[in-house]
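Now for the letters of each chain:
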Amino acid sequence: MIYNILGIIIGIFVLINSILLIVSKKEKQFVCIINLFLAIGFIGTGIGGFFIPKDLDYITIILLFIFAVLFLVQYYVFLKKNQAPQKHKVNSSKK
């Protein structure tokens, strides 16, 4: 039951993230659509888990795990690729 609630909470956070990406227009539309799909998947699986019989709870866990892995892959492939590497400034001051 706790994973259903956590699935809904994670889905809400992903939904907020996708809304912020849409508003900021920093990312491509494709990335925003993937985020919305994953958010709906998290929320739908979390809510659907309350209606699945107890002997089939593993289906909910597997679906939440798949959505989490897809979100992590999408994050590292699309979002990290677009960020430019930041150079560290070395502050060498001689006195």
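Residues numbered from 1 in each chain as written. Predicted model: local features only at pLDDT ≥ 70, side-chain atom pairs only at ≥ 80, totals over all residues. Heavy atoms only, no water.

A look at helix 2 (residues 29–48)
- When the terminal C-alpha atoms of helix 2 are compared, their 28 Å separation across 20 residues agrees well with the 28 Å that a helix rising 1.5 Å per residue should span.
- Val 31, Cys 32, Ile 34, Asn 35, Leu 38, Ala 39, Gly 41, Phe 42, Thr 45 and Gly 46 are the residues of helix 2 that are buried. (Helix = DSSP H or I, 4+ residues; strand = E, 2+ residues; numbered from the N terminus. Expected span 1.5 Å × (residues − 1). Buried < 20%, exposed > 50% of the residue type's maximum accessible area, 1.4 Å probe, protein only.)

Some details on the nonpolar core
- Val 14, Ile 34, Leu 38, Ala 39, Phe 42, Leu 64, Phe 67 and Phe 71 form the largest nonpolar core, which has eight residues in total.
- For this core, the element with the most residues is helix 2, which contributes four residues.
- Sequence-distant contacts of Phe 67, defined by excluding residues within four places in its chain, comprise Phe 37, Leu 38, Gly 41, Phe 42 and Thr 45. (Core = buried A, V, L, I, M, F, W, Y, C linked by side-chain atoms within 4.5 Å. Contact = heavy atoms within 4.5 Å.)

Side note on the packing of aromatic side chains
- By the definition in use, this model includes three aromatic pairs.
- Measuring from ring centre to ring centre gives 5.9 Å for Phe 42 and Phe 67, while their planes differ by 50 degrees; the resulting arrangement is tilted. In this pair, Phe 42 is assigned in helix 2 and Phe 67 in helix 3 (residues 57–82), connecting sequence segments 25 residues apart. Take Phe 42 and Phe 67: they sit in the same class, and that class is buried. (Phe/Tyr/Trp six-rings, centres within 6.5 Å; stacked < 30°, edge-to-face > 60°.)

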